[in-house]
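Structure assessment
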Amino acid sequence: MQEESEESIGGGDKLFQAVNDSGNTTIFANRELLNIDHIPDENRIVGRDEHIQELANEVGPAVTGAPPNSVILYGKTGSGKSLVAKHVMGRARSEAQRRDTRLATVTVDCAQAKGEADTIQTIADGINTPESGVKVPTRGISTNEYYNRLWNILDQEYDAALITLDEVDQLSDDNVLMLLSRAREAGKIDVSIGIISISNKVNFRDQMTERVKSSLGHNEFIFDPYDGEQLRQILENRSDAFKEGVLNSGVIPKTAALAAQRHGDARKAIRLLRHAGDYAKNNDIGEVKEIHLELAQEQAEGERLKELIAGLPPHSKYVLYALANLTAKTETNRAWFRTTLIYDIYKKVCDAVGTDHLSTDTIRSLLGELAFLEVTESNQEHGGMGKGTYKEHRLLWEPSVVFKMDPNPAQVDIDQ
């Protein structure tokens, strides 16, 4: 048995034969470059030099311990908001260290946070140090106590702080923004805090109270979607993720063109390129071709859709399933459906998954959120003389992509 085991090891396990000794594959040289969360070097960031400089100007005073400004970054998903914020925060951290300034930096994904307490716990835990002597449990203490422990950590360990609240519009209210932005003024801490708020909603500021607006100032930056040339450059800057000679010359231009036509989303373009490489690797093909983009498209779309709706309540998915069921029964796959019809099918989906359904007004609100995320599209229609107005909605994704989000999708018989 020992000899057989050694022979097996020497010959290699066929299950992993496509992986070389460095942990990469016959296709990829450094697959990490195609991970969505990877923060590229400065020379790999395309089309955002002005935004980087503007943001650095606003938060820059923090590297000396002076009060930084707070800013709001707007733009559609994949337009580089989070990338720029992380890049500037990283450089600020390095520069503060060079100047012997104790700068706290932390990023919170508000779509994943479960509320105010969870957000503050994430911030406190993210900047805590062993020397502080402060414990930050994941649960078991009040929201007020989380704030108190955060104040203690900041005062004991830091001279200034930069806090990024990604997808800040997912917070239920602006209490977090108010307390963080006014902490020094209220005498809670002696440390200056700069807040970088990131939102897909250009009207996010309108939802704030006047006190929070006053605290945050008026520094706002808009990130436009990337154009085809910028997307091509972004992908070219990550082409060394692949081994030399593996990537056919037409793959990157086609990926950029597809992304520019549909959304201008760099994250989606990078994901599609990665999936094309995975397809070639998993099918033991020695090169990545343009046709692999089409084969990998649905997988990439499904992953992106999951990401878009990750922060929404479960019933948003049920509404989406209802629209997918309706759309799958049409010839055009881009048909419009009235809210009342969607609601009827939504109730069937709820029955299929064994959950109670919500009110019509709530479903209207969920449809509005899906339209904002560009998962669906809404349109106000006029019924004619004396018939009033009504809303119609249509799915902007293929029904098959929606159903593939879940191994057991709620497909129902809409004819009953």
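What you see is a predicted model; the values in this text were computed from it and never measured.

**Quick look at the overall build of the chain**
Scanning the chain from N- to C-terminus turns up 15 helices and 8 strands. Split into buried and exposed, the 416 residues of the chain put 46% on the buried side. For the chain, the proportion of contacts with a sequence separation of at least 24, taken over those separated by at least 6, is 73%. Carbon and sulfur atoms make up 44% of the accessible area of the chain, which amounts to about 21,100 Å² in all.

**Things to note about the sheet that holds strand β4 (residues 192-199)**
If you walk across this open sheet you meet the 5 strands as β2-β3-β4-β1-β5, and the pairing is parallel. The sheet is open, and its two borders are formed by β2 (103-109) and β5 (220-223), each paired with just one other strand. Direction aside, the axes of adjacent strands within the sheet are offset by 15° on average. Two strands pair when backbone bridges link them, and β2 and strand β3 (residues 160-166) are joined in this way by 7 bridges, in the parallel orientation. Looking at β3, one finds that valine 108 is bridged to leucine 165. Sheet contacts for helix α2 (residues 49-59): β1 (71-75), β3, β4 and β5; angle to β5, the most-contacted strand, approximately 160°. Along the sheet, helix α4 (residues 116-127) makes contact with β2 and β3, crossing β2 at roughly 140°.

**What about the side chain of aspartate 174?**
Secondary-structure assignment places aspartate 174 in the loop between β3 and α6 (175-181). Setting aside residues up to four positions removed in sequence, aspartate 174 forms contacts with Gln207, Met208, Thr209 and Val212.

**Examining the nonpolar core**
If you look at the biggest cluster of nonpolar residues, it comprises 37 residues, and the most contacted ones within it are Leu154, Leu165 and Leu180. Going through the elements one at a time, β1, β2, α4, α5 (143-157), β3, α6, β4 and α7 (210-216) are the ones with two or more residues in this core. The greatest single-element share of this core, amounting to 6 residues, is contributed by α5. Every residue in contact with leucine 180, bar those within four places of it in the chain, is listed here: Ile120, Ile123, Leu150, Trp151, Ile163, Ile193 and Ile195.

**Description of the side chain of serine 70**
Examined against the element boundaries, serine 70 turns out to sit in the loop between α2 and β1. With relative accessibility at 8%, the residue serine 70 sits in the buried group. Within the local environment of serine 70, its side chain forms a polar contact with the backbone nitrogen of isoleucine 195, the two atoms lying 2.9 Å apart.

**Here's the deal with the pattern of salt bridges**
Opposite charge on two side chains lets them pair, provided their charged atoms get close. Throughout the structure, instances matching the rule amount to 11 salt bridges. Among the salt bridges present, the one from arginine 102 reaches aspartate 159, with a minimum N-O distance of 3.1 Å. Of this pair, arginine 102 sits in the loop between α3 (81-98) and β2 while aspartate 159 is found in the loop between α5 and β3, placing the two residues 57 residues apart along the sequence. Residues lysine 289 and glutamate 287 are paired through a salt bridge, measuring 3.7 Å at the closest nitrogen-oxygen approach. Look at lysine 289 and you get partly exposed, because its relative accessible area is 32%.

**Comments concerning the packing of aromatic side chains**
For the structure shown, the criterion picks out 4 aromatic pairs. Summarising the aromatic geometry, the rings of tyrosine 147 and tryptophan 151 are spaced 5.7 Å apart at their centres and angled 35° between planes, so their arrangement reads as tilted. Taken together, the positions of tyrosine 147 and tryptophan 151, both in helix α5 and 4 residues apart, correspond to about one turn of that helix. When its relative accessible area of 4% is taken as the criterion, tyrosine 147 is described as buried. Note on tyrosine 321 and phenylalanine 403: the rings are 6.3 Å apart at their centroids and 10° apart in plane angle, and the pair reads as stacked. Within this pair, whereas tyrosine 321 is found in helix α12 (residues 314-328), its partner phenylalanine 403 is found in helix α15 (residues 399-403), the two being separated by 82 residues in sequence. Each member of the pair tyrosine 321 and phenylalanine 403 is classed as buried.

**Some thoughts on the packing of helix α13 (residues 339-353) against helix α14 (residues 360-372)**
At a minimum axis distance of 10 Å, the contact between α13 and α14 shows a crossing angle of 105°. As judged from the angle between their axes, α13 and α14 are roughly perpendicular. Residues Thr339, Ile342, Tyr343 and Tyr346 of α13 form the contact with α14, whose own contacting residues are Thr360, Ile363, Arg364 and Leu367. Classifying every residue of the contact of α13 with α14 by side-chain character gives 5 nonpolar, 2 polar and 1 charged.

**Some details on unusual backbone geometry**
Of note in the backbone geometry, aspartate 100 takes a positive phi value of approximately 60° without being a glycine. Summarising the element assignment, aspartate 100 is placed in the loop between α3 and β2. Of the residues examined, aspartate 100 reaches a relative accessible area of 69% and is grouped as exposed. Phi at aspartate 284 takes a positive value of approximately 55°, unusual for a residue other than glycine. Within the fold, aspartate 284 resides in the loop between α10 (266-282) and α11 (290-308). Residue aspartate 284 is classed as exposed on the basis of its relative accessible area, which comes to 71%.

**A short note on the UniProt feature "binding site: ATP" (unreviewed entry) in the chain**
According to UniProt, the feature "binding site: ATP" (unreviewed entry) maps to Ser79, Gly80, Lys81, Ser82, Leu83, Tyr226 and Arg238 in the numbering used here. Tracing the chain through its elements places serine 82 in helix α3. With residues up to four places along the chain from it excluded, the contact list for serine 82 reads Asp166 and Ile198. Mapped onto the elements of the fold, tyrosine 226 is located in the loop between β5 and α8 (228-236). Those residues in contact with tyrosine 226 that sit more than four places away from it in its chain are Val46, Arg48, Gly78, Ser79, Gly80, Leu231, Ile234, Gly264 and Ala266.

So, how was this worked out
- Residues numbered from 1 in each chain as written.
- Predicted model: local features only at pLDDT ≥ 70, side-chain atom pairs only at ≥ 80, totals over all residues.
- Heavy atoms only, no water.
- Helix = DSSP H or I, 4+ residues; strand = E, 2+ residues; numbered from the N terminus.
- Buried < 20%, exposed > 50% of the residue type's maximum accessible area, 1.4 Å probe, protein only.
- Contact = heavy atoms within 4.5 Å.
- Areas by Shrake-Rupley, 256 points an atom, 1.4 Å probe, with all protein chains shown as cover.
- Pairing = 2+ DSSP bridges.
- Axes fitted to C-alpha atoms, helices over the stretch in contact; angles between N-to-C directions.
- Core = buried A, V, L, I, M, F, W, Y, C linked by side-chain atoms within 4.5 Å.
- Polar contact = N/O pair within 3.5 Å; in protein donor to acceptor, adjacent residues only side chain to side chain.
- Salt bridge = Lys/Arg side-chain N within 4 Å of Asp/Glu carboxyl O.
- Phe/Tyr/Trp six-rings, centres within 6.5 Å; stacked < 30°, edge-to-face > 60°.
- Parallel < 35°, antiparallel > 145°, perpendicular 65-115°, else oblique.
- Nonpolar A, V, L, I, M, F, W, Y, C, P; charged D, E, K, R; others polar.
- UniProt positions renumbered as here; feature names shortened; annotations may be inferred.

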